[in-house]
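Structural characterization, general
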Amino acid sequence: DAKTTQPPSMDCAEGRAANLPCNHSTISGNEYVYWYRQIHSQGPQYIIHGLKNNETNEMASLIITEDRKSSTLILPHATLRDTAVYYCIVRWAGAGSYQLTFGKGTKLSVIP
Amino acid sequence: DSGVTQTPKHLITATGQRVTLRCSPRSGDLSVYWYQQSLDQGLQFLIQYYNGEERAKGNILERFSAQQFPDLHSELNLSSLELGDSALYFCASSALAGSYEQYFGPGTRLTVT
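Keep in mind that what you see is a predicted model, and the values were worked out from it rather than measured.

Quick notes on the overall build of chain B
From N to C terminus, chain B includes 0 helices and 11 strands. Going residue by residue from the N terminus, the α and β elements of chain B occur as β-β-β-β-β-β-β-β-β-β-β. The C-alpha atoms of chain B give a radius of gyration of 13 Å, which matches the 13 Å a tight globule of 113 residues would have. The principal-axis extent of the C-alpha atoms belonging to chain B is close to 35 × 30 × 25 Å. Burial analysis of chain B (113 residues in total) assigns 51% to the buried set. Of the contacts formed within chain B by residues at least 6 apart in sequence, a portion of 55% connects residues at least 24 apart. Accessible surface for chain B amounts to roughly 5400 Å². Of this, 47% is attributable to carbon and sulfur atoms. Measuring between centres, the 8 positive side-chain charges of chain B sit 3 Å from its 11 negative side-chain charges.

A few points about unusual backbone geometry
Residue and element names in this part refer to chain B. Here Thr7 and Pro8 are connected by a cis peptide whose omega angle stands at -5°. Examined against the element boundaries, Pro8 turns out to sit in the loop between β1 (5-7) and β2 (10-13). Within the chain, Asn51 stands out as a residue other than glycine whose phi angle is a positive 50°. With respect to the helices and strands, the residue Asn51 is situated in the loop between β5 (42-50) and β6 (53-57).

Some remarks on the interface of chain A and chain B
Between chain A and chain B, the residue contacts involve 18 residues of the former and 18 residues of the latter. Overall, the association of chain A and chain B removes approximately 1600 Å² of surface from exposure, summing both partners, and the carbon and sulfur fraction of that is 59%. Joining chain A to chain B, the criterion identifies 0 salt bridges. Applying the counting rule to chain A against chain B returns 7 residue pairs in polar contact (both at pLDDT 80 or more). Broken down by secondary-structure element, the contributors of at least two residues to the side of chain A that touches chain B are β3 (31-38), β4 (45-50) and β8 (84-92) of chain A. Among the elements that line the side of chain A that touches chain B, the one with the most residues is β3 of chain A, at 3 residues.

Overview of the side chain of Asn77 of chain B
Residues and elements named next belong to chain B. Residue placement: Asn77 occurs in strand β8 (residues 74-78). Reaching out from Asn77, the side chain makes a polar contact with the side chain of Thr20 at a distance of 2.8 Å. With residues up to four places along the chain from it excluded, the contact list for Asn77 reads Arg18, Val19, Thr20, Arg63, Phe64, Ser65 and Gln67.

Reading the values: the criteria
Residues numbered from 1 in each chain as written. Chains lettered and ligands numbered in written order. Predicted model: local features only at pLDDT ≥ 70, side-chain atom pairs only at ≥ 80, totals over all residues. Heavy atoms only, no water. Helix = DSSP H or I, 4+ residues; strand = E, 2+ residues; numbered from the N terminus. Rg over C-alpha atoms; globule rule 2.2 N^0.38 Å. Buried < 20%, exposed > 50% of the residue type's maximum accessible area, 1.4 Å probe, protein only. Contact = heavy atoms within 4.5 Å. Areas by Shrake-Rupley, 256 points an atom, 1.4 Å probe, with all protein chains shown as cover. Lys, Arg positive; Asp, Glu negative; His and termini not counted. Charge placed at Lys NZ, Arg CZ, Asp CG, Glu CD. Buried area = accessible area lost by both parts, 1.4 Å probe. Salt bridge = Lys/Arg side-chain N within 4 Å of Asp/Glu carboxyl O. Polar contact = N/O pair within 3.5 Å; in protein donor to acceptor, adjacent residues only side chain to side chain.

Now the structure itself:
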């Protein structure tokens, strides 16, 4: 699986868009980008995933660059409840095992 | 609310004891995954079941075992408990036999004293 690099921490003002970057320069053509978050001591929460095209759901948008070497998760109007650690994961859908492994992620602090 | 339920929320027990953690997946999901999360090790995959059958195994100790029942709920049994087994144990479920789109329960916090 491709290695991912995320900033260790970010701040965002409440009500503003939170843009969380992820670098995955060694991603291969059949690997997907997944985003999860974990609010302190709660179960991880699936947010969104994508392969090439930009994706949007009720929680967030995922923008993947054309060369697929990086992506950005966008929370359009951050609230205090979005304070969490956000994890970017790159995985091949054809793998035999679908275990998730989280790196260090980005600790997002939403500030009032 | 992910739709995945786990019981109990907290469990305090002594070394050498045995405990059972229970998980009910989201309605319609056939796959159940178990993870352990301790402070110093991050999220560790233990085991996956799909429709009652073991599908994949991670770093699960021999003292630990799991099963998935016909009604699709799953149980994780931890025996001969050691202090180092103290952790959060999460269950997740997915609709497919294998998917990275997994929905996690709130976890069971196990404290071994």
